[in-house]
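Listed below are the residues making up each chain.
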Amino acid sequence: MTIKPLLAWYDLWVGAFWDRKARKLIILGREMGLALEMADVQVESLVPPGLSGASIQDFMSGLPRFDAGMSERLKAAQGRGKVLRYVGRITARGEATVGLVELDRGHAFANMALTDNVVRFATGRYNTNALIVQGPGAGPEVTAGGVFADLLRLSAYLGAHI
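Cut-offs and rules
Residues numbered from 1 in each chain as written. Predicted model: local features only at pLDDT ≥ 70, side-chain atom pairs only at ≥ 80, totals over all residues. Heavy atoms only, no water. Helix = DSSP H or I, 4+ residues; strand = E, 2+ residues; numbered from the N terminus. Buried < 20%, exposed > 50% of the residue type's maximum accessible area, 1.4 Å probe, protein only. Contact = heavy atoms within 4.5 Å. Polar contact = N/O pair within 3.5 Å; in protein donor to acceptor, adjacent residues only side chain to side chain. Pairing = 2+ DSSP bridges. Axes fitted to C-alpha atoms, helices over the stretch in contact; angles between N-to-C directions.

Trainee: Any details on the overall build of the protein chain? Residues and values, ideally.
Mentor: Along the backbone of the protein chain there are four helices and five strands. Each helix and strand of the protein chain, ordered N terminal to C terminal, gives the series α-β-α-α-β-β-β-β-α. Within the protein chain, the proportion of its 162 residues that are buried is 23%. The long-range fraction of contacts in the protein chain, counting pairs at least 24 apart against all pairs at least 6 apart in sequence, stands at 40%.

In structure tokens:
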């Protein structure tokens, strides 16, 4: 694979990662009756400032400059008995954020499987013991199967005999 296609993949992957988190919040918000758009979601990127538009070589060579800051953040959280997780949150007022947060080790998000989706509902009824909905996310195989099925459907729509 040449660098140009790899860079295109990298840009798509990084953009898709943040967008997926924000889109999930927008869907939940709209189900709550809120009129949310992508611009309404505040996103803390895990890509350090100055590296978001960098080439892969510059990104990889520049990344170690930010290790100390992230390490300090992790150690500080661990010192308070907490873990760091990348979390999307939405309030009843429509405040939507995606970012790295400190959570207690017993929090539902602190001990989830890598590809799980977890939604925690803290409501008037579920205020002292939040309602947790957890299950597997699509994962690479299911996602690839869905994309392939969409391609077959599109091909048939365009006249292919499959």
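Trainee: I'd like a rundown of the side chain of His107, residues and numbers included.
Mentor: The residue His107 is located in the loop between β3 (96-104) and β4 (116-121) in this model. Its relative accessible area of 18% is what places His107 among the buried residues. Side-chain polar atoms of His107 contact the backbone nitrogen of Phe109, separated by 2.9 Å.

Trainee: Any details on the sheet that holds strand β1 (residues 41-43)? Residues and values, ideally.
Mentor: Pairing is mixed across the open sheet formed by three strands, whose spatial order is β1-β3-β2. Among the strands making up the open sheet, the edge pair consists of β1 and β2 (82-90). The average undirected angle you get between the axes of adjacent strands in this sheet is 40 degrees. Summarising the sheet, β2 and β3 pair through nine bridges and their orientation is antiparallel. Its bridge partner lying in β3, Val83 is registered against Leu103. Along the sheet face, helix α3 (residues 67-79) touches β2 and β3 and points at about 100 degrees away from the line of β2.

Function cannot be read off these values alone, since they describe shape.
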